[in-house]
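# Structure assessment
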Amino acid sequence: MDRHGKKGSPVVPGSLTKVMEDSDSILYTITVLKGMYEAGYYEGEEFVHGTKTDLLGAFAKTLREKRYMVREDFTFDPSQQGKAAMALEQLQVEVDNMRSGLTRWCKTHYGEAFVAWMHIKVIRVFVESVLRYGLPVDFTAVLYKVVVGKEVQLVNALDKAFGEDKDKGEDIDDEEEYHDFVLIKFDP
């Protein structure tokens, strides 16, 4: 009988069990023989020692080549799954508490941040009016609330009212708009 010609699978028959499944993966457990020992034999007067074959390593390598993830010595403990679910629920409660605290803090401090932002815009209007256009320190600044989609029409009307007619090619130097008036856009 030829013992070296044909070898069977190292997987124990009937040991494949589906443990759990989620949206992107499935966990199976199987039982695989670790290795196989072929007994030694006599060839004439000389004894040929037996060989041990590592079936588990070869099987894991084959699975990895086929893009399966192998976790050796994995034991499924249903109580661990319950602990993980409880820990996840506890973390979710903590996240909800932190989110509500952060939302409350943001609502409280949003007004201060908005006032500071508007103050910086007003300072910029003042500096640009005095330094760029040479206006006297006593001037009037106006804040317009523009309907969405009408910004271009407002700028064109202000150019027509306050500006001189000049070639539009001069306006585009540094990808910044230049007008005969200070224009600072504010998008809260």
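What counts as what
Residues numbered from 1 in each chain as written. Predicted model: local features only at pLDDT ≥ 70, side-chain atom pairs only at ≥ 80, totals over all residues. Heavy atoms only, no water. Helix = DSSP H or I, 4+ residues; strand = E, 2+ residues; numbered from the N terminus. Expected span 1.5 Å × (residues − 1). Buried < 20%, exposed > 50% of the residue type's maximum accessible area, 1.4 Å probe, protein only. Arc of directions from axis to C-beta. Salt bridge = Lys/Arg side-chain N within 4 Å of Asp/Glu carboxyl O. pLDDT = per-residue confidence, 0-100. Bend = angle between axes of the 7 residues up to and from the residue.

The next subject is helix H3 (residues 151-162). Helix length check: H3, at twelve residues, gives a terminal C-alpha distance of 16 Å against a target of 16 Å (1.5 Å per residue), a fit within 8%. Taken together, the buried positions of H3 are Val155, Leu158 and Asp159. One side of H3 carries all its buried residues, which in axial view fall inside an arc of 105°. In H3, the exposed positions that point more than 90 degrees away from the buried face belong to Lys160 and Ala161.

On to the pattern of salt bridges. Across all of its chains, the model carries three salt bridges by this definition. A single network of salt bridges, built from pairs that share partners, joins Arg124, Glu128 and Arg132.

What follows is about the environment of alanine 39. Here alanine 39 lies in the loop between strand S3 (35-38) and strand S4 (41-43). A relative accessible area of 39% means that alanine 39 is categorised as partly exposed. Considering only alpha carbons, one finds alanine 39 and histidine 49, ten residues apart in sequence, at a separation of 7.2 Å.

Here the chain averages 82 in pLDDT, while 88% of its residues score no lower than 70. Confidence scores differ between elements of the chain, with S3 showing the lowest mean pLDDT of 80 and helix H2 (residues 78-131) the highest of 90.

For H2, which comprises 54 residues, the first-to-last C-alpha distance of 74 Å matches the rise-based estimate of 80 Å (1.5 Å per residue) to within 8%. The principal kink in H2, of about 40°, is found at histidine 109. Turning to H2, its buried residues number three or more, namely Lys121, Glu128 and Ser129.

With that settled, the discussion passes to unusual backbone geometry. The residue arginine 67 is not glycine, and still its phi comes out positive at about 70°. Position of arginine 67 among the secondary structure elements: in the loop between helix H1 (55-65) and H2. Take arginine 67: its relative accessible area is 80%, and that puts it in the exposed class.

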